[in-house]
Amino acid sequence: MGENRVVQGRMVTPTSLAELIEGGDVMDAEPIRDADRDCPECGGNVLVVGYMPSVLEFVTGYKCQDCDWRETDRE
Ligand SMILES: [Zn+2]
């Protein structure tokens, strides 16, 4: 099974999904996983990706596959 997934009709890699969530460049991203939750906006499937926006920070990001909803675990 490949690491690429479809989000809002577009194929994303772990890095491009992380950049979508972050709204900017990221240094590194882990493989995409399915979140154990549904999108609060549309009920769609939510993907999770862990990524490093910088060398000092690790963020867990969530993104709906069907709409614009996204979230991170930043405080
Ligand atoms: Zn959604």
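Residues numbered from 1 in each chain as written. Predicted model: local features only at pLDDT ≥ 70, side-chain atom pairs only at ≥ 80, totals over all residues.

Per an unreviewed UniProt entry, the chain carries the name DUF5795 family protein and comes from Halomarina halobia.

Student: When you look at the overall build of the chain in this model, what are you seeing that I'm missing?
Tutor: Tallying secondary structure elements over the chain gives 1 helix and 7 strands in all. Going residue by residue from the N terminus, the α and β elements of the chain occur as β-β-α-β-β-β-β-β. Taking 2.2 N^0.38 as the reference for a compact globule, 75 residues should give roughly 11 Å; the C-alpha atoms of the chain span a radius of gyration of 11 Å, in line with that estimate. Counting only C-alpha atoms, the chain reaches 35 × 30 × 20 Å along its principal axes. For the chain, with 75 residues in total, the buried portion stands at 25%. Across the chain, the fraction of contacts at a sequence separation of at least 24, relative to all contacts at a separation of at least 6, is 38%. (Helix = DSSP H or I, 4+ residues; strand = E, 2+ residues; numbered from the N terminus. Rg over C-alpha atoms; globule rule 2.2 N^0.38 Å. Buried ≥ 20, exposed ≤ 12 C-beta atoms within 10 Å, placed from the backbone. Contact = placed C-beta atoms within 7 Å.)

Student: In this structure, what is going on with unusual backbone geometry? I would like to understand it.
Tutor: Leaving glycine out, the prevailing phi sign among residues is negative, and the prevailing peptide bond configuration is trans. Not every positive phi belongs to a glycine, and Gln8 is a case in point at roughly 50°. Considering the arrangement of structural elements, one finds Gln8 in the loop between strand 1 (5–7) and strand 2 (10–12).

Student: Can you help me understand the pairing of strand 4 (residues 33–38) in this one?
Tutor: Where a strand is regular, its side chains alternate between the two sheet faces. Of all 6 residues making up strand 4, only 0 are buried, and the element is barely covered by its neighbours. With 3 bridges connecting them, strand 4 and strand 5 (residues 45–54) associate as antiparallel partners. Opposite Asp38, over in strand 5, you have Asn45 as the bridge partner. A loop of 6 residues connects strand 4 with strand 5, the two strands running antiparallel in sequence, and Gly43 in this loop sits at a positive phi of about 80°. (Pairing = 2+ DSSP bridges.)

Student: I tried to follow the nonpolar core on my own but got confused; where do I start?
Tutor: Considering soluble globular proteins, one finds that nonpolar side chains tend to be buried as a cluster. By size, the foremost hydrophobic cluster in this structure holds 14 residues, and its most contacted members are Leu17, Ala18, Ala29, Leu47, Val49 and Tyr51. Elements with a minimum of two residues in this core: helix 1 (14–22) and strand 5. When neighbours within four sequence positions are excluded, Ala18 is seen to be in contact with Val26, Ala29, Val49, Tyr51 and Gly61. (Core = buried A, V, L, I, M, F, W, Y, C linked by C-beta atoms within 7 Å.)

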